[in-house]
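Now for the letters of each chain:
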Amino acid sequence: MTLSTPDPFTPRLLICDVLYTGMGGGHAPGGVVVVGGTVAATGDPAQLRLQYPQAVVEEIGGIIAPPPINAHTHLDMSAYAFQALPYFRWLPEVVIAQREQRGVSGAVAGADKLSRLGVGGVGDIVWSGEVMDALLAREDLRGVLYFEVLNTFPGKADEVFAGMRGRVEAWRKLERPGGPRIGLSPHTPYTVSHRLMKLVCDYAAGEGLPLQIHVAEHPSEPELFATGAGPLWEHRFVAMTPDNFAEVIGRTPEPELTPVRYLDELGVLAAKPTLIHMVNVTPDDIARVARAGCAVVSCPRSNHHLECGTFPWTAFAAAGVEIALGTDSVASGESLDVREDVAFASGLYPKLDPRLLVRAAVKGGGRVVGLPAPFIRRGEAWSEAFVWSRGD
């Protein structure tokens, strides 16, 4: 969005619906005074009108904030065609049917899109070594590239871990200041054996590597941990698995066992992984996440499109859990623009203060991927990138 200016030395008062400066709780409505390309003041529009009566007022609406962080996505699926389908149709009809579209070209196209969108950073799940090589070399990408780990057989855990560790240590030597960092993503609590999950998370904690784990996305996941059965176990699209679910998790499923409780009692939450989705959770799950100090990433559009349920935002916020936003894959989230998830979430949570949604996309995401947000404050350079508009 290009904003007009009559004179570089004439103050401009830009008035928006929501202002988040990177500090505090934000303003709704908000205002920013800009003089000669520099921020002169921010705050309540009425007060700014009094302080700068000579300012040219521009009612721009929308949001003014630092660039958002897409804290969870799958760039290597960016060539997939989006389809909104129930979860157990989406897996075979989209993920598996379009698997030939997954790879380096899609990841590069997705990274190019993020660059055009001007995002502040990304948390990307990387499926293959070739994709990691391509993304790690980019100079326009910041954030974390989480190498994904899957294997359900405890007996293979040491072998899988050793191979993963060798690759990660080689990639870490290629990290550059200001560039993307290496992280790890043990896929889910049910697609990674208990032994491999513990090996990966203990290693990450010891090496200071960020972690992301998909948890409690679909209602069938808690059912699986409670019963050892159900549609998630019956479909088993993601990998070959043992005949008995108890072998995967190293314990017998029980009525009160949830994916979050399982990870907590396994010692995984002590590594402070970022937990993705967290839609189908209990109050005890939320309390465990809060005690462990883990952040969560909500993917509102993806969860809606796959009919997974609604993330309990207010319950997590009340517990003091850091919340970020992500688009998930293009195949489920429709686009890579996390600002569209902010807009969608504003309709999904009509009673939620919109400043909280913007803060989650900026500071919440920054905390997840280890990036500070630039501030919009007196003396800082003004950028038109602070005026959010969707698409490119």
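Just above, that's the structure.
First, a word on scope: everything that follows refers to the structure included in this document. (Residues numbered from 1 in each chain as written. Predicted model: local features only at pLDDT ≥ 70, side-chain atom pairs only at ≥ 80, totals over all residues. Heavy atoms only, no water.)

1. Regarding the packing of aromatic side chains
Applying the stated criterion across every chain, the model contains ten aromatic pairs. Judged by centre distance (5.9 Å) and plane angle (85°), the ring pair of F311 and W313 falls under edge-to-face. Accessibility assignment for this pair places F311 and W313 in one class, buried. One aromatic cluster in this structure is built from F225, W233, F245 and Y262. When the ring centre of F153 is taken as reference, the NZ or CZ atom of K156 above it lies at 5.0 Å. (Phe/Tyr/Trp six-rings, centres within 6.5 Å; stacked < 30°, edge-to-face > 60°. Buried < 20%, exposed > 50% of the residue type's maximum accessible area, 1.4 Å probe, protein only. Lys NZ or Arg CZ within 6 Å of the ring centre and 35° of its normal.)

2. Focus on the sheet that holds strand β5 (residues 56-59)
Strands sit in the order β4-β3-β1-β5 across an open sheet of four strands; the sheet is mixed. At either margin of the open sheet sits one strand with a lone partner, and together these are β4 (38-43) and β5. Shown here is a sheet whose adjacent strand axes are inclined to one another by a mean of 20°, direction ignored. In terms of strand pairing, strand β1 (residues 12-16) meets strand β3 (residues 30-35) through five bridges, oriented antiparallel. (Pairing = 2+ DSSP bridges. Helix = DSSP H or I, 4+ residues; strand = E, 2+ residues; numbered from the N terminus. Axes fitted to C-alpha atoms, helices over the stretch in contact; angles between N-to-C directions.)

3. Concerning unusual backbone geometry
Here the bond from A28 into P29 is cis, since omega is 0°, no more than 30 degrees from zero. Mapped onto the secondary structure, P29 falls in the loop between β2 (18-19) and β3. One non-glycine residue with positive phi stands out, namely K272, at about 55°. With respect to the helices and strands, the residue K272 is situated in the loop between α10 (259-266) and β12 (274-277).

4. Focus: the layout of surface pockets
Roughly 270 Å³ of internal volume is contained in the second largest pocket. If you trace the second largest pocket, you find 19 residues lining it, with K272, T274, A295, R367 and V368 closest to the centre. Class assignment for the residues of the lining of the second largest pocket results in eleven nonpolar, four polar and four charged. (1 Å grid on protein atoms, 1.4 Å probe; cavity = no way out; pocket = protein on both sides within 12 Å on 5 of 7 lines; lining within 4 Å. Points joined across faces, edges and corners; volume = space filled by probe spheres on them. Nonpolar A, V, L, I, M, F, W, Y, C, P; charged D, E, K, R; others polar.)

5. What about the sheet that holds β12?
Spatially, the four strands line up as an open sheet ordered β11-β12-β13-β14, and their pairing is parallel. Only two strands of the sheet have a single partner each, and these edge strands are β11 (212-215) and β14 (323-325). Direction aside, neighbouring strands of the sheet carry axes that sit 30° apart on average. Pairing geometry for strand β13 (residues 296-298) and β14, over three bridges, is parallel. Bridge assignment links V296 to a residue of β14, and that residue is I323.

6. A word on helix α5 (residues 157-172)
Over its 16 residues, α5 runs 22 Å from end to end, which matches the ideal 22 Å to within 8%, given 1.5 Å per residue. Packed against the buried residues of α5 are α4 (129-136), β9 (143-149), β10 (181-186) and α6 (194-207). (Expected span 1.5 Å × (residues − 1). Contact = heavy atoms within 4.5 Å.)

7. A word on the pattern of salt bridges
According to the stated counting rule, one finds 24 salt bridges in the structure shown. Measuring nitrogen to oxygen at the nearest pair gives 2.7 Å for the salt bridge that ties R251 to E265. Taken together, the residues R251 in the loop between α9 (245-249) and α10 and E265 in helix α10 connect sequence positions 14 residues apart. For R359, the salt bridge identified is with E322, shortest N-O distance 2.8 Å. Here the residue R359 occupies a position in helix α16 (residues 354-369), and E322 occupies one in the loop between α13 (313-318) and β14, the gap between them amounting to 37 residues. For E322, a relative accessible area of 18% translates into the label buried. (Salt bridge = Lys/Arg side-chain N within 4 Å of Asp/Glu carboxyl O.)

8. Considerations on the environment of D264
The topology assignment puts D264 in helix α10. Once residues within four sequence positions are removed from consideration, D264 is found in contact with L269 and R288.

9. Digging into the packing of α5 against α6
One way to put it is that α5 packs onto α6 with a least axis distance of 9 Å and a crossing angle of 25°. As the angle between them shows, α5 and α6 are arranged roughly parallel. In this structure, α5 crosses over α6, and the sense of that crossing is right-handed. Here A157, D158, V160, F161, M164, R165, V168, E169 and R172 of α5 lie close against α6, whose contacting residues are R195, L196, L199, V200, Y203 and E207. (Parallel < 35°, antiparallel > 145°, perpendicular 65-115°, else oblique. Left-handed = near helix turned anticlockwise from the far one by under 90°.)

10. Remarks on α6
Note on helix geometry: an α-helix contains 3.6 residues per turn, so any two residues three or four positions apart are oriented the same way. Its 14 residues give α6 an end-to-end C-alpha distance of 20 Å, which sits within 8% of 20 Å, the value for a rise of 1.5 Å per residue. Inspection of α6 places L196, M197, V200, C201, Y203 and A204 among the buried residues, and these make up the whole buried set. Down the axis of α6, the buried set is contained in an arc of 160°. They therefore lie on one face. One or two positions beyond α6, positive phi appears at G208, with a value near 70°. (Arc of directions from axis to C-beta.)

11. Points about the nonpolar core
Membership of the largest hydrophobic core comes to 94 residues, with the highest contact counts inside it found for L184, M278 and F316. Beyond its immediate sequence surroundings of up to four residues, F316 is in contact with M278, V281, I286, V289, V296, F311, V321 and I323. Listed in part, the 13 residues of the second largest apolar core include V144, I276, A295 and A324. (Core = buried A, V, L, I, M, F, W, Y, C linked by side-chain atoms within 4.5 Å.)

12. Let's talk about the side chain of Q212
Take Q212: it is sitting in strand β11. Owing to a relative accessible area of 0%, Q212 belongs among the buried residues under this scheme. A distance of 2.9 Å separates polar atoms of two side chains, one belonging to Q212 and the other to H72. (Polar contact = N/O pair within 3.5 Å; in protein donor to acceptor, adjacent residues only side chain to side chain.)

13. Topic: the environment of V94
Inspection of the secondary structure puts V94 in helix α2 (residues 87-96). The class of V94 is buried, set by a relative accessible area of 0%. Residues V94 and Y80, spaced 14 residues apart in sequence, show a C-alpha to C-alpha distance of 7.8 Å. Setting aside anything within four residues of it in sequence, one finds V94 in contact with Y80, A81, Q83, L85, R89 and A331.

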